[in-house]
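# Descriptive structure summary
Each chain, written out:
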Amino acid sequence: QIDKFTYDPGFTSTASCQSAITYIDGDQGILLHRGYPIDQLAEHSSFMEVAYLLLHGDLPKKKELEEFDYTISRHTMLHEQLATFYRGFRRDAHPMAIMCGVVGALSAFYHDSTDITDPQQRLIASHRLIAKMPTIAAMAFKYSIGQPFLYPDNSLSYTGNFLRMTFGVPAESYEVNPIIEKAMDRIFILHADHEQNASTSTVRLAGSSGANPFACIAAGIACLWGPAHGGANEAALNMLREIGDVKRIKEYVARAKDKNDPFRLMGFGHRVYKNYDPRAKVMQQTAEAVLKELKLSDPVLDVAQELEQIALHDDYFIEKKLYPNVDFYSGIILNAIGFPTEMFTALFALARTVGWVAQWNEMISDPEQKIGRPRQLYVGATQRDYIPASKR
Ligand code: SDX
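Residues numbered from 1 in each chain as written. Predicted model: local features only at pLDDT ≥ 70, side-chain atom pairs only at ≥ 80, totals over all residues. Heavy atoms only, no water.

### Concerning the packing of helix α6 (residues 95-105) against helix α7 (residues 119-145)
Stated formally: In this description, a line fitted to the C-alpha atoms serves as the axis of each element, helices being fitted only across the stretch in contact, and the angle between N-to-C directions of two axes falls anywhere from 0 to 180 degrees. Helix and strand definitions follow DSSP, with helices as H or I runs of at least four residues and strands as E runs of at least two, each counted in order from the N terminus. Roughly parallel means an angle under 35 degrees; roughly antiparallel means over 145; roughly perpendicular covers 65 to 115; every other angle is labelled oblique. Crossings are assigned a handedness: left-handed for a near helix turned anticlockwise from the far helix by less than a right angle, right-handed for a clockwise turn. By definition in these notes, contact holds between two residues if any of their heavy atoms fall within 4.5 Å. Side-chain classes follow a simple rule in which Ala, Val, Leu, Ile, Met, Phe, Trp, Tyr, Cys and Pro form the nonpolar group, Asp, Glu, Lys and Arg form the charged group, and the remainder, Gly included, forms the polar group.
Remark: α6 packs on α7, axes separated minimally by 10 Å, with the N-to-C direction vectors making an angle of 135°. When the axis of α6 is compared with that of α7, the two are oblique. With respect to the hand of their crossing, α6 and α7 are arranged in right-handed fashion. Of α7, the residues touching α6 (which contributes Pro95, Ile98, Met99, Val102 and Val103) are Leu129, Met133, Ile136, Ala137, Ala140 and Tyr143. Here the contact of α6 with α7 is composed, by residue class, of 11 nonpolar, no polar and no charged.

Given below as structure tokens:
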């Protein structure tokens, strides 16, 4: 129970920013969004309701949520010229490469929401980014498999619309599976925001220069792509598949402990959590539910659960406080739903856009805000005079 916040002076002097959006206690494994625990939001809320909460600070009343849903749905289409933009990529382009390019390009199309000094334009840009990410991600997937793009169908929920644009085809009607829709919505909630992680800090730093919101989110997408960050969900499933059998787990655990081996267990460890990532627990439960609903048995889930048990009882992992993180189980669910591993990080970016946008708004609307300027510890040469080449 967190009923008050007190920080040691050391922490406040090194903190990169002040924020009221997300609170993490890494030692206790606590994650709150505007004070609400992540497991309660995952259980009872919806991704659009969490988006409203992160953006506006409180859970919406019924009418407020209906208006927010309606506003977002009015921005789900992309300018037709952007569909042409996709055709400039190779079919095997990584979806994150496409998302970096297309999201950055939005600033070339939506000039009426790039003036960051105008609160109304900031809000329109925020709604556009939240609304268009599912369309952009689904189009990246369709482009990679050579299928036609599907326009949004605003009679569906935000997540149902995304599933239909991704897995539907013009030749047939598409029925959204409510269990899959709920699981996908829950995965989006679990990825929505996470305090000042690397990609959110990138968005804030880019935003502090006054860059337009589309460029800032494109910068966040680029940072999230790394395997140490959002790229870990793709890497974790690839690792679990490579292990392939519970009998081979010990070999990989030994490699992860070997100082001379750069191999790390993907989906394990965290910069802040030195306890179980609360999102990983919900993700594991969702993985079991989705596989059961789809009547699928995936040997990779057995490998993941056995690996988790071995690691949680291994002195090295206990001493280093290494636990599964949000990326450890997510790939198993996404694979079961039908996404290729290359799409996993794009889905992370889709969901994290609501957190990036909320954090960007919080920063940009702070009148005291100055341009970010991380300091360095200089360890290079002391001053010295130039030596002509003939004398070196
Ligand atoms: C995300 O910041 C966020 O909030 C990010 C995120 C979000 O929602 O935005 O939570 C999303 O990025 C989750 C993390 C996803 N990345 C992975 O799963 C990749 C695998 N994990 C690691 O690469 C690693 O754990 C990091 C990058 C996440 C953290 O690395 P650190 O900062 O080195 O971790 P640490 O300081 O706690 O490490 C302590 C020790 C180190 O050994 P020593 O130097 O003390 O000898 O544990 C070792 C590390 O080498 N270690 C691991 C390990 N992670 C850390 N050893 C084996 N396997 C691992 N996964």
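Still more ground to cover, so stick around.
### Focus: the sheet that holds strand β2 (residues 30-33)
Put simply, the test is: Strands are treated as partners if at least two bridges between them are detected by DSSP.
Strand order across the open sheet formed by 3 strands is β1-β2-β3, with antiparallel pairing between neighbours. The open sheet has two free edges, formed respectively by β1 (22-25) and β3 (36-37), since each of these has just one partner strand.

### Here's the deal with the site of the ligand
The criterion, for reference: Near, as used in this document, describes a residue that has one of its heavy atoms within 4 Å of the molecule or strand being considered. Contacts described as polar in this section are N or O atom pairs within 3.5 Å, which, within protein, must combine one atom able to donate a hydrogen with one able to accept it, while residues neighboring in sequence count only if both atoms come from side chains.
Neighbouring residues of the ligand: 25 residues in total, closest His194, Lys259, His270, Lys274 and Arg279. Between the ligand and Gly267 there is a distance of 2.8 Å, counted from an oxygen atom to a backbone nitrogen or oxygen. His270 is positioned with one of its side-chain polar atoms (N or O) 2.6 Å from an oxygen atom of the ligand.

### Notes on the pattern of salt bridges
Cut-off, in case you're wondering: By definition, a salt bridge exists where a carboxyl oxygen of Asp or Glu is found within 4 Å of a side-chain nitrogen of Lys or Arg.
In total, this model carries 10 salt bridges according to the counting rule given. Two residues, Arg128 and Asp112, come together in a salt bridge whose shortest N-O distance is 2.7 Å. In this pair, Arg128 is assigned in helix α7 and Asp112 in the loop between α6 and α7, connecting sequence segments 16 residues apart. We note a salt bridge from Glu251 to Arg248, for which the minimum N-O separation is 3.6 Å.

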